[in-house]
Amino acid sequence: MRKFSRPKVVVSRCLEFDHCRYNGDMIRSHVVAKLKEYVDFLPVCPEVEIGLGVPRNPVRIVLKRGEHRLIQPSSGRDITEDMKTFCTRFLDSIEDVDGFILKFRSPSCGFKDVKVYPSADGKGTVGKTSGYFGGAVLERYPFLPIEDEGRLRNARIKEHFLTKLFTFAAFREVKAKDSVKDLINFHTENKLLLMAYSQAELRRLGEIAANREGKPFKELASEYETHLQNALSSAPKYTSTINVLMHALGHFSDKLSSPEKALFLDWVQKYREGKASLCPAINTIRSWIVRFENDYLMHQTFFEPYPEDLIELNPVESHLREDLWK
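Residues numbered from 1 in each chain as written. Predicted model: local features only at pLDDT ≥ 70, side-chain atom pairs only at ≥ 80, totals over all residues. Heavy atoms only, no water.

## Observations concerning the sheet that holds strand S5 (residues 77-78)
Strand pairing in a sheet relies on backbone hydrogen bonds. The paired strands run either parallel or antiparallel. Applied cut-off: Strands were regarded as paired on the criterion that DSSP finds at least two bridges between them. Numbering of helices and strands runs from the N terminus; a helix is a DSSP stretch of H or I covering at least four residues, while a strand is a stretch of E covering at least two. By definition, residues are in contact when any of their heavy atoms lie within 4.5 Å. All axes here are fitted lines through C-alpha atoms, helices being fitted over the stretch that makes contact, and every angle between N-to-C directions spans 0 to 180 degrees.
Read across the open sheet, the 5 strands follow the order S5-S4-S3-S7-S8; overall the sheet is mixed. In the strand order of this sheet, the two ends are held by S5 and strand S8 (127-129), each with one partner. Sitting on the sheet, helix H3 (residues 80-93) touches strand S4 (67-72) and S5, and the angle it makes with S4 is about 100°.

In structure tokens, the structure reads:
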């Protein structure tokens, strides 16, 4: 089992933390609830912070004279400048944040698919945009893992988010240690993960970590961080994941029987064809890592990029699902 750094995550306060929605509700998010054991959360509700209170009349984004404004229809109050001021002040006040989980489609917190209305009290919409706080977060932290609780219900989106989150948290600790040796160790342990995400960035990151020019650590870490963010900007393709699996197989090819190899390759082919998940092939490799005591692969984050407890099985595949024979 890996020892994981604790990410620092800003979260919309209405998600599992407080009854601060406009109607006094708190939104349930299984992902946020599960993460509480592994993450240091900083909850925030921009609408409450600018004095709207709970409960409150809702706000919406309105198109006025070609400009988006944040309006409270019941009062006609324009709170755009108050919200902009809060966003700047809050984001200036936080340090070393690793990611954000925001409220889905909120006019303040939503980071995409937020409705834009033609007027304060009109019906219908004229487009979609980011909420004011969500948009400010995207502008300030374009490379950080940023998601809403709606999108995190998707298994692939959640996997990519968690991988980035725990990788960036680990790198934050590397920066704090101010040690080239720790940077090299980080790079070594993440080689297969980076191979899955971007082979081009893996090569560049390797060159940076080698530090042949003898750069000071802070300059080196800053350059490494930029390319690490680039590498993890998009989720890996399944073909790249298969390439990593075959690379890992090469560590054991002279130690395995033909039937063992054939069984593994069959799982890889089923994964390629979309007939099986990645788990059987990954677990086969992990069993060989233990069996042959391969220290290099044992420490590769590719095989456990985030805490295993955060992996959720589809209820359809679980024996805990509803008993249809009762």
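After that view of the structure, there is still more to cover.
## Things to note about the side chain of Thr284
As for its position among the elements, Thr284 is in helix H12 (residues 279-291). Non-local contacts of Thr284, meaning those with residues more than four positions away in its chain, are made with Phe264 and Trp267.

## Brief notes about the sheet that holds strand S9 (residues 146-148)
Taken in spatial order, the 4 strands make up an open sheet running S2-S1-S6-S9, and their pairing is parallel. What marks the edges here is a single partner per strand, and that holds for strand S2 (40-44) and S9. Adjacent strand axes in the sheet meet at a mean angle of 20° when their direction is disregarded.

## Comments concerning the environment of Glu304
Under the convention used in this document: For the exposure calls, accessible area comes from a 1.4 Å probe over protein chains only, and a residue counts as buried if that area is under 20% of its type's maximum, exposed if over 50%, partly exposed in between.
Summarising the element assignment, Glu304 is placed in the segment after helix H13 (295-298). With a relative accessible area of 7%, Glu304 lands in the buried category. For the pair Glu304 and Ile282, spaced 22 residues apart in the sequence, the C-alpha separation amounts to 9.8 Å.

## Considerations on the pairing of S2
What counts, and what does not: Handedness of a crossover: with both strands directed away from the viewer, a clockwise path from the first strand across the helix to the second marks it as right-handed.
Here 5 bridges tie strand S1 (residues 8-12) to S2, and the two strands are oriented parallel to one another. Within the sheet, the bridge partner assigned to Val9 lies in S2 and is Phe41. Each parallel crossover has a hand, and the one from S1 via helix H1 (residues 30-35) to S2 is right-handed.

## Considerations on the packing of helix H8 (residues 199-210) against helix H9 (residues 217-231)
Stated formally: Between 65 and 115 degrees an angle is taken as roughly perpendicular, under 35 as roughly parallel, over 145 as roughly antiparallel, and anywhere else as oblique. Just so you know the grouping, Ala, Val, Leu, Ile, Met, Phe, Trp, Tyr, Cys and Pro go in nonpolar, Asp, Glu, Lys and Arg go in charged, and all remaining residues, Gly too, go in polar.
Where H8 contacts H9, the axes come no closer than 10 Å and their chain directions differ by 170°. One finds that H8 runs roughly antiparallel with respect to H9. Contact with H8, carried on its side by Glu201, Arg204, Leu205, Ile208 and Ala209, involves Leu220, Glu223, Tyr224, His227, Leu228, Asn230 and Ala231 of H9 and no other residues of that element. Here the residues of the contact of H8 with H9 are counted per class, giving 7 nonpolar, 2 polar and 3 charged.

## Describing the nonpolar core
The criterion, for reference: We call a set of buried Ala, Val, Leu, Ile, Met, Phe, Trp, Tyr and Cys residues a nonpolar core when their side-chain atoms join them within 4.5 Å.
Ranked by size, the top nonpolar core spans 69 residues in total, and within it Phe100, Phe133 and Tyr224 carry the most contacts. Sequence-distant contacts of Tyr224, defined by excluding residues within four places in its chain, comprise Phe171, Leu183, Phe186, His187, Leu194, Leu205, Ile208 and Ala209. One finds Val11, Val31, Phe161 and Leu165 within the second-largest nonpolar core, a separate group that totals 21 residues.

## Digging into the side chain of Thr80
As for its placement among the helices and strands, Thr80 is situated in helix H3. With residues up to four places along the chain from it excluded, the contact list for Thr80 reads His68, Arg69, Leu70 and Tyr132.

## Regarding the pattern of salt bridges
We apply this condition: What counts as a salt bridge is simple: a side-chain nitrogen of Lys or Arg found within 4 Å of a carboxyl oxygen of Asp or Glu.
Counted by the stated rule, this structure contains 22 salt bridges. A salt bridge links Asp92 to Arg140, with the shortest nitrogen-to-oxygen separation between them at 3.0 Å. Placement of the pair is Asp92 in helix H3 and Arg140 in helix H4 (residues 132-140), with a sequence separation of 48 residues. Its relative accessible area of 51% is what places Asp92 among the exposed residues. Overall, the relative accessible area of 35% leaves Arg140 in the partly exposed class. Where Glu273 meets Lys275, a salt bridge forms, and the shortest distance between an N and an O atom there is 3.2 Å. Since its relative accessible area comes to 64%, Lys275 is described here as exposed. What emerges from the salt-bridge pattern is a single network uniting Arg204, Glu207, Glu213, Lys215 and Glu223.

## Focus: the packing of aromatic side chains
The geometry of an aromatic ring pair is captured by the separation of the ring centres together with the interplanar angle, meaning the angle of the planes. Basically, it comes down to this: Each aromatic pair joins two rings of Phe, Tyr and Trp (for Trp, the six-membered one) with centres within 6.5 Å, and gets the label stacked for planes under 30 degrees apart, edge-to-face for over 60, and tilted for any other angle.
The full count for this structure, using the stated rule, is 13 aromatic pairs. Ring geometry for Phe17 and Phe41: centres 5.4 Å apart, planes at 75°, overall edge-to-face. Placement of the pair is Phe17 in the loop between S1 and H1 and Phe41 in strand S2, with a sequence separation of 24 residues. Here the aromatic rings of Phe264 and Trp288 are separated by 5.5 Å at their centres, their planes lie at 55°, and the arrangement is tilted.

## What about the pairing of S4?
Of the strand pairs in this sheet, strand S3 (residues 60-64) and S4 are connected by 5 bridges, and their pairing is antiparallel. What sits directly across from Leu63, in S4, is His68. Taken together, S3 and the strand that follows it, S4, pair antiparallel across an intervening segment of 2 residues, in which Arg65 is found at a positive phi of about 50°. Relative to S5, S4 is paired through 2 bridges, and the arrangement is antiparallel. Looking at the pairing, Gln72 lines up with Arg77 of S5. Following S4, the chain reverses through 4 residues before pairing antiparallel with S5; Gly76 in that reversal takes a positive phi of roughly 75°.

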